[in-house]
Amino acid sequence: MAEPSGHAPGTDDAAPAGGRQLVRRRRVLVIMLVGAVAVSALGIGASQVVKSPAQAAADTSAPPPSVMTAAVEKRVLRNSVVVRGTVSASQSVRVVPAGSAQRGAGGSVVTAIGVHTGGTVRPGKVLIEVSGRPVIALKGDLPVYRDLKPGDEGKDVTQLQRALKETGNPVGGDREGFFGAGTKTALSKLYRSVGYDPLPADPEGETTLAGARDAVTEATRHLEDVKSAREPSGATGEGKKTGASGEESSARREKEVERAREDLERAREELADTEAANGPMLPASEVVYVKSFPARVGDVGARVGDQVSGTAMTISAGPLVVTGSLSRTQRGLVRAGQRVQILSELDGTTAEAKVRSVSDTVESVRSSGDQEDGPAPARAAAPGYRLTVAPDKPLAASMTGQDVRLTVRTAATEDKVLVVPVSAISAGADGATTVTVDCADGCRRRVPVTTGASGDGYVEVRPKPGTRLAAGERVVVGAVRAGGGR
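Quick look at the structure, then. (Residues numbered from 1 in each chain as written. Predicted model: local features only at pLDDT ≥ 70, side-chain atom pairs only at ≥ 80, totals over all residues. Heavy atoms only, no water.)

**With respect to the sheet that holds strand β4 (residues 110-113)**
In step 1: Here we have four strands laid out as an open sheet, ordered β4-β6-β7-β8, and mixed in their pairing. The open sheet is flanked by β4 and β8 (287-290), the only strands paired with a single partner. Direction aside, neighbouring strands of the sheet carry axes that sit 20° apart on average.
In step 2: Looking at chain direction, strand β6 (residues 126-130) and strand β7 (residues 133-139) are connected through four bridges and run antiparallel. (Pairing = 2+ DSSP bridges. Helix = DSSP H or I, 4+ residues; strand = E, 2+ residues; numbered from the N terminus. Axes fitted to C-alpha atoms, helices over the stretch in contact; angles between N-to-C directions.)

Structure below.
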């Protein structure tokens, strides 16, 4: 029987052995590639973590600074001083009622108020009524220091006479400064025009006047009786005296007549003096003098029914001015006549003004006007040199009492000049001054300059001959490092 056919021995075993060898080689190659990649990755990671000292210093150093620049300007250069100020009237009067001048009056009580806050006051206006008596506003600047009565003389009488004329009540033929019959009549008319009777200078004046008139009447009758008792010169009969005896009797009768005439003249003089001293008076408690009209009513603190105590109200008069306080350094820069800008930070209103005066001594600058009446102290600022500013045009009454900003222009160049910030100026060891121009193409050039006036952080510069500096160019004023440091 024949054997089955097949391939030669060893052929099938040889083929699988070769395939396995190839697979092993490929595996080795892949492992080597993966290892190489891993090593490379480790090297890259290490290079990011581990640095040389030089590289570490380079990485932590600050970046190059960037420069700050400012434009070169051509304008009028001004220097200014800025301070706070308070708007007030040139006169501020605090009305402090002293109570009734009537004898036997009880406690002083506010019985009426004739004005309101913000109101206008004119001459002859009754401001307030205390215990039934008025306090009248009149024009004048001399403080009240006494009651004025008929027969008085002085500057305060002259002021009263002029104030009465302002209200339409002239004093007639009275000489200036003497409280005479014309002044009495004018004062009585003023009181009656506001609805009051004036107080008598002497409460017993009418009784005294009646007595003086009776004395004149008695003296007149006595003179007439003496005259009628004298014997007629043509008389005859037993009663007729002759010789020395008749002459003696006649002389005695003449003497009696002369004495009667003297008594009558004396009585008439006393009556004239009594009439002159009798009449209306102006109590110091019933008048407030104000420099100019119309005046303005400030705060009214009194109420009807209040006991009189302290300031009842404030009255301001005259044009509004602004007062401020200067430090010693500022005092050396500010002088009378300099221009000032007033700024109301309440509503943004501005006004032009000029410096009226600067005090030579340190004082506490009050928020109210220059003059005040009454004992209450004014609110004071920190001590300094008083600055008084007068507006070119009248300020609105609504600005009274406002806190404003004053900008005093203490210096200025006559014409427009080139100016740069003070920080743009560099000074060399030789004293030469320069500015550094930052060019548009990135270059920088130094320009030698001569400096001039300065103010508000800027300084005038003039380029040296042969160099150029123009308005609009930018100059270096500083450098900024990363993080904001300079």
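Now that the structure has been shown, we can carry on.
**Details of unusual backbone geometry**
In step 1: Residue Phe293 is joined to Pro294 through a cis peptide bond whose omega torsion reads 0°.
In step 2: Summarising the element assignment, Pro294 is placed in the loop between β8 and β9 (295-300).
In step 3: Even without being a glycine, Ser131 presents a positive backbone phi close to 50°.
In step 4: Counting through the fold element by element, Ser131 comes out in the loop between β6 and β7.
In step 5: The exposure class of Ser131 is partly exposed, given its relative accessible area of 25%. (Buried < 20%, exposed > 50% of the residue type's maximum accessible area, 1.4 Å probe, protein only.)

**Overview of empty space enclosed by the protein**
In step 1: Here the structure, examined in full by the defined rule, presents two cavities of 30 Å³ or more.
In step 2: The space that makes up the largest cavity amounts to roughly 90 Å³.
In step 3: Lining of the largest cavity is provided by 13 residues; of these, Val144, Arg146, Leu148, Asp156 and Tyr289 occupy positions nearest its centre.
In step 4: Mapped onto the lining of the largest cavity, the elements with two or more residues apiece are α3 (155-166) and β8. (1 Å grid on protein atoms, 1.4 Å probe; cavity = no way out; pocket = protein on both sides within 12 Å on 5 of 7 lines; lining within 4 Å. Points joined across faces, edges and corners; volume = space filled by probe spheres on them.)

**With respect to the pattern of salt bridges**
In step 1: Here the structure, examined in full by the defined rule, presents 17 salt bridges.
In step 2: The residue Glu258 makes a salt bridge to Arg261 at a minimum N-O spacing of 3.9 Å. Here Arg261 and Glu258 lie together in helix α6 (residues 243-277), a separation of three residues that amounts to about one turn.
In step 3: We note a salt bridge from Asp438 to Arg444, for which the minimum N-O separation is 3.5 Å.
In step 4: Among the residues examined, Asp438 registers a relative accessible area of 23% and is labelled partly exposed. (Salt bridge = Lys/Arg side-chain N within 4 Å of Asp/Glu carboxyl O.)

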